[in-house]
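Notes for the structure review
Single-letter residue listing:
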2 protein chains.
Amino acid sequence: MHSVTFADINAARLRISNYIRTSDVITSSLLNKWLGHEVFFKTECLQRTGAFKLRGALNTLLRAKEQGMQIKRVVASSSGNHAQAVAYAASLFNIPTTIYSAQNISKIKAAATHSYGAELRLFPLREEADDAVAQAAKEPGALWIPPFNHPDVIAGQGTVTAEILEQTPEVNGIFMPCGGGGLASGSLLAARALSPNTKVIACEPLAGNDAAQSLRLGSIQRLVEPAKTLADGAATPAVGEYTYPLIQKLDGFYEVDETQIAYWTQWLQHLLKLHIEPTSAMSMHGVVNYLANCSSPQRVVVILSGGNIDTQKMQQIWQQDHLNNQPSLPSESLASVI
Amino acid sequence: MHSVTFADINAARLRISNYIRTSDVITSSLLNKWLGHEVFFKTECLQRTGAFKLRGALNTLLRAKEQGMQIKRVVASSSGNHAQAVAYAASLFNIPTTIYSAQNISKIKAAATHSYGAELRLFPLREEADDAVAQAAKEPGALWIPPFNHPDVIAGQGTVTAEILEQTPEVNGIFMPCGGGGLASGSLLAARALSPNTKVIACEPLAGNDAAQSLRLGSIQRLVEPAKTLADGAATPAVGEYTYPLIQKLDGFYEVDETQIAYWTQWLQHLLKLHIEPTSAMSMHGVVNYLANCSSPQRVVVILSGGNIDTQKMQQIWQQDHLNNQPSLPSESLASVI
């Protein structure tokens, strides 16, 4: 099994640089004032296709081409940001693409995937879609791009944190969501190489905490039922054999309940004026809990992983009013600003 | 009465350039594909304080300073983006600020205004707040910054369109919301000077269509009751004597119903991944109706005027699912992408 290295991330950066945006790092002076620390945000929600996932998909595709593979078809199974990323990446090279997905894929994500030119095959259950893509991958000339458990995908996702550490000096910590662990794994490798003192910390929905359970029990655990969470980008049933050993080396791991996810999604949309996925906003719970234990002002970066949200999720996020309780550190009582 | 000229807009650009962002102009390849035209978006929702209003407030404040005024206090009446803009602008120069507002100001906008250091005085009715600010403006050293009906405010808002026409070549049309008409007036002056063939078109909520009525009747009409609309930034009861003569020269004016406002707010938030105010998204109704009458592909720019939205408004926007009916020109039947 090939271990991913920082050299792979550097190679990925060169490989994908012509096709992706170097997303901005932004901040909110109001939030910083409230928290008493500096929080920066890497805006991968403004990445092409609306999520960081494009990086791993492109790196995998371009590396296969470099190695001389004559790709006749790209295949993937996903009902989320990975589907759109694969469809868009393949469309850049006019390679036919088939995405295998469960029938409960949202119409809007299906439309986006389709609009990039991909064929969409729907199955009653996710497991059936996974079986179908494994079959399709056996066809001659088929390139299967998995969502996280692949060295080239992990190296591609690691480019986010490599960029962050060039864009932002002296970062004390980087926070990100953990679904299958591709982003967390790549970020860990990039940070250890570029800034060994920077803490790398991941967050997962409590309602789908397979990674946290895996870390506690010392082996990969799998969710028995689909996770019901606003953070659908981190509802993956299990991490993989490539990502798990890297996730074990993280400096922190937080499990986040649904109220906190909705609370921070409202606040980040409001403060940053960006259409931020709950999966991305979730990391703020980790940030405030981490900062509560810091005695000196910190500079941390949150990876805003994506900006694709269903109508139903928007309704759930905004059904309660969280904006009248301003963000504060859990252990502190900040003076009200009003 | 001093008429605003393009020279005033140029002077405003120099004056405010150190304090504002030159906001990006962005586009959605998916939307362009669906519409068969190019639609660009000027992202003033990412301007400091979350709206273009900062430009007019800063221009007025800085010009007063240039003219030697010893400003002891800045005063304004507003319950929206103008309040935050004035509070922030004055805070840059450590000038005490009082904002006069109706008691129904949202807690979140009050908190933002307050966080910039302004004092907030609340009154049962908006008219009382307006009376109070007029009184306060009589104090020695008081600078009153009105929300739209002032030459320096109009010149400041005109800098948005001056930037657009430098950032985007060969623009056929520029679309914006019309509340009091400051943005539309300034945009008209900038466009006529820089690109005389560019159409300048404004949009107003049908539920608060005082400007459209004024244009039809040939004199300034005032709403009898407060407008109930999602587009709260354009709910102003009447245009002013500075803005009305300029609004009369616009190339088009659309009145937009609440369903269209919600529909386009959902679509723009989804496609552009930005937290866009209904007031800003409203312009898309004008765009598609305008484009339906064009026989050749057009390039138009929509000014995304702001990104400040109350929780209650977010609930209203997202209570129905509009994302399953993709944008299309009213007179055309586009093939479904799904």
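Criteria and thresholds
- Residues numbered from 1 in each chain as written.
- Chains lettered and ligands numbered in written order.
- Predicted model: local features only at pLDDT ≥ 70, side-chain atom pairs only at ≥ 80, totals over all residues.
- Heavy atoms only, no water.
- Contact = heavy atoms within 4.5 Å.
- Buried area = accessible area lost by both parts, 1.4 Å probe.
- Salt bridge = Lys/Arg side-chain N within 4 Å of Asp/Glu carboxyl O.
- Polar contact = N/O pair within 3.5 Å; in protein donor to acceptor, adjacent residues only side chain to side chain.
- Core = buried A, V, L, I, M, F, W, Y, C linked by side-chain atoms within 4.5 Å.
- Buried < 20%, exposed > 50% of the residue type's maximum accessible area, 1.4 Å probe, protein only.
- Pairing = 2+ DSSP bridges.
- Helix = DSSP H or I, 4+ residues; strand = E, 2+ residues; numbered from the N terminus.
- Axes fitted to C-alpha atoms, helices over the stretch in contact; angles between N-to-C directions.
- pLDDT = per-residue confidence, 0-100.
- Domains from an automatic or database assignment.
- Right-handed = clockwise from strand over helix to strand, strands pointing away.
- Parallel < 35°, antiparallel > 145°, perpendicular 65-115°, else oblique.
- Left-handed = near helix turned anticlockwise from the far one by under 90°.
- Nonpolar A, V, L, I, M, F, W, Y, C, P; charged D, E, K, R; others polar.

Let us now look at the interface of chain B and chain A. With 33 residues of chain B at the contact, the number on the chain A side is 33 residues. Between chain B and chain A, the buried area comes to about 3,000 Å², and carbon and sulfur atoms account for 63% of it. If you look at where chain B meets chain A, you find zero salt bridges. Counting across the chain B and chain A interface gives 14 residue pairs in polar contact (both at pLDDT 80 or more).

We now examine the nonpolar core. Ranked by internal contacts, the top residues of the largest apolar core, which has 84 residues, are A:M284 and B:M284. Residues within four places of A:M284 in sequence aside, it is in contact with A:L31, A:L35, A:V39, A:F41, A:W264, A:L268 and A:V302.

In this section: the sheet that holds strand 3 (residues 73–77) of chain A. Residues and elements named next belong to chain A. With parallel pairing, four strands are arranged side by side in an open sheet as 5-4-3-6. With partners counted over all chains shown, the strands left at the sheet margins are strand 5 (119–123) and strand 6 (142–144), one partner each. Each neighbouring strand pair of the sheet contributes to a mean axis angle of 25°, computed without reference to strand direction. With four bridges joining them, strand 3 and strand 4 (residues 97–102) adopt parallel strand pairing. Each residue of the ladder has a partner; that of V75, found in strand 4, is T98. In the packing of helix 6 (residues 126–136) onto the sheet, the strands contacted are strand 3, strand 4, strand 5 and strand 6, and the crossing angle to strand 4 comes to about 155°.

Residues and elements named next belong to chain A. Per-residue confidence for chain A gives a mean pLDDT of 94; residues scoring 70 or more make up 97%. Long-range and interchain partners of residues 332–338, a stretch whose pLDDT sits below 50, account for 13 contacts in this model, where long-range means more than four residues apart. Reported for the predicted complex are a pTM of 0.95 and an ipTM of 0.94.

Quick look at the domain arrangement of chain A now. All names here are of chain A. Under the domain assignment, chain A is made up of domain 1 (6–52 + 151–317) and domain 2 (53–144). The C-alpha-based centres of domain 1 and domain 2 are spaced at 23 Å. Taking both partners together, domain 1 and domain 2 bury about 2,100 Å²; carbon and sulfur atoms supply 53% of that area. Run the count over domain 1 and domain 2 and you get five salt bridges. A salt bridge links R55 to E44; the nearest nitrogen and oxygen atoms lie 2.7 Å apart. Here domain 1 is connected to domain 2 by 14 residue pairs in polar contact (both at pLDDT 80 or more). Counting only elements with at least two residues in the side of domain 1 that touches domain 2, the list comes to helix 1 (6–16) and helix 7 (151–167).

Quick look at the pairing of strand 8 (residues 199–205) of chain B now. All names here are of chain B. For strand 8, a buried count of six out of seven residues is recorded, marking the element as mostly surrounded by other parts of the structure. Pairing between strand 7 (residues 173–177) and strand 8: five bridges, direction parallel. Its bridge partner being in strand 8, P177 is matched across the sheet by C203. With respect to chirality, the unit in which strand 7 leads through helix 8 (residues 182–194) into the neighbouring parallel strand 8 is right-handed. Where strand 8 lies against strand 9 (residues 252–256), five bridges are found, and the strand directions are parallel. For A202, the partnering residue across the bridge sits in strand 9 and is F253.

For the rest of this paragraph, the subject is the sheet that holds strand 5 (residues 119–123) of chain B. Backbone hydrogen bonds hold the strands of a sheet together, and the pairing may be parallel or antiparallel. Residue and element names in this part refer to chain B. Strand order across the open sheet formed by four strands is 5-4-3-6, with parallel pairing between neighbours. The outermost strands of the open sheet, each flanked by one partner alone, are strand 5 and strand 6 (142–144). Pairs of neighbouring strands in the sheet enclose a mean axial angle of 25°, with direction left out of account. Note: strand 3 (residues 73–77) against strand 6, three bridges, orientation parallel. Bridging across to strand 6, V75 finds its partner in W144.

Residue and element names in this part refer to chain B. Take Q47: it is sitting in the loop between strand 2 (38–43) and helix 3 (53–66). Residue classification places Q47 among the buried positions, given a relative accessible area of 3%. Engagement of the side chain of Q47 in a polar contact is seen with the backbone nitrogen of R21, the distance being 2.9 Å. Those residues within four positions of Q47 in sequence are excluded, and the remaining contacts are I20, R21 and R55.

Residue and element names in this part refer to chain A. Considering the arrangement of structural elements, one finds S185 in helix 8 (residues 182–194). The class for S185 is buried, based on a relative accessible area of 0%. Polar side-chain contacts of S185 include one of 2.7 Å to the backbone oxygen of G181.

What follows is about the environment of A:E38. All names here are of chain A. Tracing the chain through its elements places E38 in strand 2 (residues 38–43). On the basis of relative accessible area, E38 is assigned to the partly exposed category, the value being 31%. In this structure the C-alpha to C-alpha distance between E38 and V133, which are 95 residues apart in sequence, comes to 44 Å.

Axis separation between helix 14 (residues 311–318) of chain A and helix 14 (residues 311–318) of chain B bottoms out at 9 Å; the angle between their running directions is 155°. On the basis of their axis angle, the class for helix 14 of chain A and helix 14 of chain B is roughly antiparallel. The way helix 14 of chain A lies across helix 14 of chain B gives a crossing that is left-handed. On helix 14 of chain B, the residues that touch A:T311, A:M314, A:Q315 and A:W318 of helix 14 of chain A are B:T311, B:M314, B:Q315 and B:W318. Across the contact of helix 14 of chain A with helix 14 of chain B, the residue classes tally to four nonpolar, four polar and no charged.

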